[in-house]
Amino acid sequence: MQLRRELILYLATLVLLNVALAFVSTGLFARMGPVIALILTDNVPSMDAATEILTEFAAAPGPLSPDALARADAALARAEANITEPSEKAPIASIRRLLPPAATGEPAARAALIEAVHSLNVVNRQAMSAVSANARRLGSAGAWTAVFVGIASLALGLLIILQLRRRLVRPVLELHDVLRGVRQGDRFRRCRQMEAPIEIKETVQSVNVILDERRELPPVR
């Protein structure tokens, strides 16, 4: 292979390894975004609705005013429209059934409604915990994958450096040592043939030929 192409190949490989590491790491951690977003789209609206219902009943020790009942009913409607867990259906149905009598101030219905709202919150907290655990697993997997990709990139980079040393640095140092030895009077020293790009091989062969021809010349008087 030609020297220029070989250098370009090594440098391009190193660049591609680093680009691949960046994309792999970014892609893995980007997967966490949609998982965490599920909490905001699936569970937070239901918990907000439950909080609004409890707020209306906490603000009115007795029967709810028509406006407060309308707000509680609107909050319940939002929770009904945002059912994302099968286990949400039962407490939401209980809240819908208990809301009218609880709004009139009936103590038993009011207590049962509060318990149903609490059950709805428990369901959503459990779902949020599951999503959070999944996000942590993705984060851990992404971090370890990035570590392994980084180690692989480092190992390949070291292999490229070793290859550069074997095919470029060693032949050039060999040529340097031979020429220095000849300058110091060693007329029989020659460059060894090594694996190297075409240009370096041709240069080494040319140097050996020149040194052979120089040795055969009669000494200058």
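Further up the page is the structure itself.
Before going into details, it helps to say that this report is about the structure given with it. (Residues numbered from 1 in each chain as written. Predicted model: local features only at pLDDT ≥ 70, side-chain atom pairs only at ≥ 80, totals over all residues. Heavy atoms only, no water.)

This part covers the overall build of the protein. Secondary structure assignment for the protein yields six helices and zero strands. Written out in order from the N terminus, the α and β elements of the protein read α-α-α-α-α-α. Its C-alpha radius of gyration of 39 Å places the protein more than 25% over the 17 Å reference for a compact globule of 221 residues. Judged by the C-alpha coordinates and their principal axes, the protein covers about 130 × 25 × 20 Å. Burial statistics for the protein: of 221 residues in total, 32% are counted as buried. Across the protein, every contact between residues at least 6 apart in sequence was considered, and the portion connecting residues at least 24 apart equals 68%. When the accessible surface of the protein is totalled, it reaches about 13800 Å², and 65% of it is carbon and sulfur. When the 26 positive and 21 negative side-chain charges of the protein are each reduced to one mean point, those points stand 14 Å apart. (Helix = DSSP H or I, 4+ residues; strand = E, 2+ residues; numbered from the N terminus. Rg over C-alpha atoms; globule rule 2.2 N^0.38 Å. Buried < 20%, exposed > 50% of the residue type's maximum accessible area, 1.4 Å probe, protein only. Contact = heavy atoms within 4.5 Å. Areas by Shrake-Rupley, 256 points an atom, 1.4 Å probe, with all protein chains shown as cover. Lys, Arg positive; Asp, Glu negative; His and termini not counted. Charge placed at Lys NZ, Arg CZ, Asp CG, Glu CD.)

Note: α-helices contain 3.6 residues per turn, so residues at a spacing of three or four share the same orientation. Over its 77 residues, helix α5 (residues 107–183) runs 109 Å from end to end, which matches the ideal 114 Å to within 8%, given 1.5 Å per residue. Its maximal kink placed at Arg165, α5 deviates by approximately 40°. Downstream of α5 by one or two residues, Gly185 has phi in the positive range, about 110°. (Expected span 1.5 Å × (residues − 1). Bend = angle between axes of the 7 residues up to and from the residue.)

This part covers helix α3 (residues 66–81). The first and last C-alpha atoms of α3 sit 22 Å apart over 16 residues, in line with the 22 Å expected at 1.5 Å per residue. Regarding α3, the residues found buried are Ala68, Ala72, Ala75, Leu76 and Ala79. Down the axis, α3 shows its buried residues gathered within 100° of arc, on one side only. Among the exposed residues of α3, those oriented more than 90 degrees off its buried face are Pro66, Asp67 and Ala81. (Arc of directions from axis to C-beta.)

Let us now look at the pattern of salt bridges. This structure, assessed with the given rule, holds nine salt bridges. Between Asp73 and Arg96 there is a salt bridge whose closest N-O contact spans 2.5 Å. You can see Asp73 sitting in helix α3 and its partner Arg96 sitting in helix α4 (residues 89–103), a full 23 residues away along the chain. The class for Arg96 is partly exposed, based on a relative accessible area of 30%. In the salt-bridge network here, residues are joined through shared partners; they are Asp73, Glu80 and Arg96. (Salt bridge = Lys/Arg side-chain N within 4 Å of Asp/Glu carboxyl O.)

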